Structure formats: structure tokens, C-alpha cells
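Residue-level structure breakdown
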Amino acid sequence: MSGYRGFAGVDSAGPDTGAGETSDELLVGRLKRLLLEEVDLHELGRLDESQRRTRLERVLNHLVSTEGIILSTRERTSLVRRVVDEAVGLGVLEPILADPAVSEIMINGHDTVYVERFGVLERIPSGFTSNEQLLQTIDRIVSTVNRRVDESSPMVDARLPPDTRLPRGARVNVVLPPLSLRGPTVTIRLFPRRYGMDELVQRGAIDQPTVELLAAAVRARLNIVVSGGTASGKTTMLNALSAFIPERERIVTIEDAAELALVQEHVVQMETRPPNVEGRGAVTIRDLVRNALRMRPDRIVVGECRGGEALDMLQAMNTGHEGSLTTVHANTTDDALSRLETMASMSEVEVPFQALREQVNSSIDLVLQLVRTADGTRRVVEVSYLSSRRREEFALNRLVHWDPRTLGRSGTPGAFVRHPVHPALAARLQERGQSLPDGFVRAGGSHELDAGGGVSWS
Ligand SMILES: Nc1ncnc2c1ncn2[C@@H]1O[C@H](COP(=O)(O)OP(=O)(O)OP(=O)(O)O)[C@@H](O)[C@H]1O
Ligand SMILES: [Mg+2]
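All of the points below concern the structure found in this document.

About the thresholds
Residues numbered from 1 in each chain as written. Chains lettered and ligands numbered in written order. Predicted model: local features only at pLDDT ≥ 70, side-chain atom pairs only at ≥ 80, totals over all residues. Heavy atoms only, no water. Helix = DSSP H or I, 4+ residues; strand = E, 2+ residues; numbered from the N terminus. Buried < 20%, exposed > 50% of the residue type's maximum accessible area, 1.4 Å probe, protein only. Contact = heavy atoms within 4.5 Å. Axes fitted to C-alpha atoms, helices over the stretch in contact; angles between N-to-C directions. Parallel < 35°, antiparallel > 145°, perpendicular 65-115°, else oblique. Left-handed = near helix turned anticlockwise from the far one by under 90°. Nonpolar A, V, L, I, M, F, W, Y, C, P; charged D, E, K, R; others polar. Salt bridge = Lys/Arg side-chain N within 4 Å of Asp/Glu carboxyl O. Near = heavy atom within 4 Å. Polar contact = N/O pair within 3.5 Å; in protein donor to acceptor, adjacent residues only side chain to side chain. Areas by Shrake-Rupley, 256 points an atom, 1.4 Å probe, with all protein chains shown as cover. Core = buried A, V, L, I, M, F, W, Y, C linked by side-chain atoms within 4.5 Å. Phe/Tyr/Trp six-rings, centres within 6.5 Å; stacked < 30°, edge-to-face > 60°. Lys NZ or Arg CZ within 6 Å of the ring centre and 35° of its normal.

**So, the overall build of the protein chain**
Each helix and strand in the protein chain was counted, giving 14 helices and 15 strands. Looking at the protein chain residue by residue over its 458 residues, the buried ones come to 49%. When contacts within the protein chain are restricted to residue pairs at least 6 apart in sequence, long-range pairs at least 24 apart make up 55% of them.

**Quick look at the packing of helix α10 (residues 285–292) against helix α11 (residues 309–318)**
Look at α10 against α11: their axes get within 9 Å of each other, and the N-to-C directions meet at 20°. With respect to each other, α10 and α11 are oriented roughly parallel. For the pair α10 and α11, the crossing hand works out as left-handed. On α11, the residues that touch Ile 285, Arg 286, Val 289 and Arg 290 of α10 are Glu 309, Asp 312 and Met 313. Within the contact of α10 with α11, the residues separate by chemical class into 3 nonpolar, no polar and 4 charged.

**A few points about the pattern of salt bridges**
Inspection of the entire model under this criterion finds 21 salt bridges. Ionic pairing is found between Glu 67 and Arg 30, a salt bridge with its closest N-O pair at 3.4 Å. Placement of Glu 67 in the loop between α3 (49–66) and α4 (73–88) and of Arg 30 in helix α1 (residues 23–38) is noted, with a sequence separation of 37 residues between them. By relative accessible area, which is 34% here, Glu 67 ends up partly exposed.

**Points about the site of ligand 1**
The local shell around ligand 1 holds 18 residues, among which Ala 231, Lys 234, Thr 235, Thr 236 and Arg 378 are the closest. At 3.1 Å, a backbone N or O of Gly 233 approaches an oxygen atom of ligand 1. Its free accessible area being 630 Å², ligand 1 has 85% of it covered by the protein chains. Top contributing element to the shell around ligand 1 by residue count: helix α9 (residues 234–242), with 3 residues.

**Remarks on the nonpolar core**
By size, the foremost hydrophobic cluster in this structure holds 41 residues, and its most contacted members are Met 197, Met 237, Leu 241, Leu 366 and Leu 399. Those elements that place two or more of their residues in this core are α7 (197–202), α8 (208–219), β7 (224–228), α9, β12 (366–372), β13 (378–386), β14 (396–407) and α14 (423–431). Considering each element in turn, this core owes the most residues, 7 residues, to α8. Apart from residues no more than four positions distant in its own chain, Leu 399 is found in contact with Leu 213, Leu 366, Val 383, Ser 384, Tyr 385, Val 417, Arg 418, His 419, Val 421, Leu 425 and Phe 440.

**Topic: the environment of Arg 189**
Tracing the sequence through the fold places Arg 189 in strand β6 (residues 185–190). You can call Arg 189 partly exposed: its relative accessible area is 39%. Note: C-alpha distance between Arg 189 and Val 102 (87 residues apart in sequence) is 9.1 Å. Setting aside its immediate chain neighbours within four residues, Arg 189 contacts Ser 103, Glu 104, Gly 169, Ala 170, Arg 171 and Glu 259.

**Points about the packing of aromatic side chains**
In total, this model carries 1 aromatic pair according to the counting rule given. Each ring, one from Trp 402 and one from Phe 416, has its centre 4.8 Å from the other, and the planes form 65°; the classification is edge-to-face. Of this pair, Trp 402 sits in strand β14 while Phe 416 sits in strand β15 (residues 413–418), and the two are 14 residues apart along the sequence. The exposure class assigned to Trp 402 is buried, which follows from its relative accessible area of 18%. The aromatic ring of Trp 402 is capped on one face by Arg 379, whose charged end is 3.7 Å from the ring centroid. If you follow Arg 418 out to its NZ or CZ, it ends over the ring of Phe 440, 5.8 Å from the centre.

Put into C-alpha cells, the structure is as follows:
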């Protein structure tokens, strides 16, 4: 792919090659080199972007005068702007970052750059000319969040909040030699653009009746778990579901890397913190969940349950914070429940296994299963209601499933199949002022042959 032609940032103006460069480019290169000699990159990193611009403009105007460069006011303004644009940006990375299809950038030493677009890895020509230049760019990235990466801390993981350069925000991980063998290694995960529920419907990830059922469930304060494999769209779905939480409620979100972008005004967003170089000061999801309980939340949204925090989350769902949402890494809805149970047992609080079963049964109401297929499609393949109580075996009742064999309306294979709604769920929705959306019927008997051609629950 030849779309990316790196351009030199302030840190990268190497010797001018002359050939093919216009006098403008030579001048820009010269000024960038001079600018680099004048400014302290670390100090610059502590300023916000507009302060940085002002500082650089001032230095550059001074340089243009002292270097005896004769220009009209207009030419000078445009030259200064161009140099500053390149200097405050991320140089070689800039055109890559501008490509909305890129979800991940991987740099394995200055001469090897890969990008991921639509789930596919692709090597692209590197614009970096040396590891020193790459290091300077890394330094510029991490210094925006007041972090340093050098010999004394050769591994850094930082989240970059959205700004003008990185409108979506990103998570960046850096490993320096000698820990990495091929030069500085950088992994930048650009936070994905969030699809709203309407867009997910348009993309065929879910259908409208299911959306309406889920909206009713969120408003009725049911506790919902979104389950799926890596990159199956869990966070995207969690974000879209959260949009149904009424505006008047106080929402606390807890994530490892703050990826959620909630539409409501009253949101407290929290993020974990890794330990410092001495291995201290870590703040875990679990710490944050416990703390959240003292923050008078109406709802708690946990980005992903991975360990002992599952117990705190389940307890919270059970005690005054109904209507909470989370995701779990699992391949089936059954698996999601067993994983929750197992994770809850990882908590240092010793809880008998049967009590954990009870905890899951009494907390979780709905489980959504997402799947990412080989062609990159993400889809809800099942929505089920957990009807088991107390210490019973988990009993999941399908509300919707994706059947690849049923023909859709347009005659193409694959359709969402709806099942009769378990009376307990229908009653819960009704109690909370929500009706069953069109397309769903309340199940009548205790064994009902449902529209999907199977016994959905008993
Ligand atoms: N329905 C969809 N159609 C197309 N792309 C989607 C869909 N849902 C999510 N995506 C994209 O898939 C990627 C992964 O989504 P997301 O981060 O929500 O998944 P995840 O399951 O939370 O991933 P992880 O396992 O890393 O936590 C993102 O780029 C997102 O924009
Ligand atoms: Mg996720």
C-alpha cells in the first residue's frame, strides 16, 4: 500500500536531500531543525496544544527574522503555520492517524510498521528514518499524558484522551530495547468510533424488535451481560445499550481503558490505573466497583468483568443498583454465566460455590451473545432471559436467536428468530411500566413450541 508517505516532523528533519525538494520544503526543513535546537520538547509536552502553538510561533517568528529570511507578512504567516503544523503533530504518524479505517498501528523498530484495517494486518512503508526519530515521536506521544519512557521505565502503557490530533483517543503501549530486541516497539490502539443502536440495526448486527425489547429491559432496570469473543463488538453494544438509561439517573462507568462514550449528561467515568515502576499504586476494576457503591450511583456500567470484581458487581446488581450492565469474554450465553460464577469465586471473599450460583441467578436477567464471523461481521446471535432462581441450574430462555438457515425478508439466508417471552420477564417489564414490543408474545403454557421451531423454555 502506498497511500502513506511519511513526512518529517520537527524531530525528523534529517539532512536535506535536495533532489526533488522545492525551496519551500528546504526552508521548512531548515526551520524545523533550528526550532528543534531552540525548544525543549519535554517542556513543550507539558503545554496544551494551543499553548504549544503559541510558543512555537513566537520562536519561529524570531528565527525567521534572525536568519535573515525575507518574506512578505502573508508568506511568513503561512510558513510559520506550516512548520508549527508539522511540529505539534505526530509527523510520520499523522497521515496514518488520519485514516479512519485504521484501528491499530504497530511499529516494530523504525523500519517496520503495520496497520490493522477492518481486522486485517497490513505492512506499510515506514516513514521513520531512524530509531532516534521514532523515539522522539514516542516521547512526544507519551509526554502529552505526563508520562516518560526511557531506560529507567522502558515499558509504558498510556491512554491518550481524544484531542484534535487523535479525535477518537487511543491506548498506546511502548516497549524499549533491551526489552524489545528490534528497536522501540509501539502499539497504538485507536479507540473505535462508536456505533449507535440505529447504526447497528442498519449493519444487520441486531434487528429493530430486539432493540426495542432491550430498550424496555434497560428502562425496566434489568441487569444485562453482553458476552462475546475478542473484538466481537461487546464494548460497542454496551455503549449502545447504555443510551437507553434515562437521563435523570446517575451513571458510574468503570473500565480498564475508558472507551465508553455515553450520551447522558450525568456520568462519572472512571478508569483503572496500572502499578507504577515500584509496582505500587495500582487501582483495579474491583477497587473502583467497591468505591462506586459509595458514590450513590443509580447504575453501574463495568466495561469488562475479568476477575474477582464479578462478585462485587453481582452484589451491586442485587442491592439497589439494578439495571447495571457489563461484558464478559465468553463464546456462549451458558459459558458467560459459568465464567461469571468462576470469576466471582476468584474474589478473596470465600463464598461457597452454591452461594455463587445463587448470586448469579438472582442478579443476572439478560445475556446477549455476540459473534464476529470470519468476514468481520459482528452480530447478536442470541438474547436470553435467565429464569432460574436460588441454587438451581442455570436456565436460559431464548428470546431471540440468529438462525443462519432461515431466510430473511429479502430472501437472503439468515434471520433473527423471536421466541415467546417467559412470563416472569413479561411480568417484570409490565411492573416497571414497559410493554412487550411488537413482534414479541408472552408465552402461555409451560411447554410451548416456539416460532424458531424448538422448545425454547419449560
Ligand atoms: N456491528 C458492527 N459492525 C461492524 N463493526 C463493528 C460492529 N460492532 C463493533 N464493530 C467494530 O469492531 C471493533 C471491535 O469492537 P469492540 O471494541 O466493541 O469489541 P470488543 O468485543 O469490546 O473488543 P475487545 O475484545 O477488544 O474488548 C471496533 O472497531 C468496532 O468499531
Ligand atoms: Mg471491549
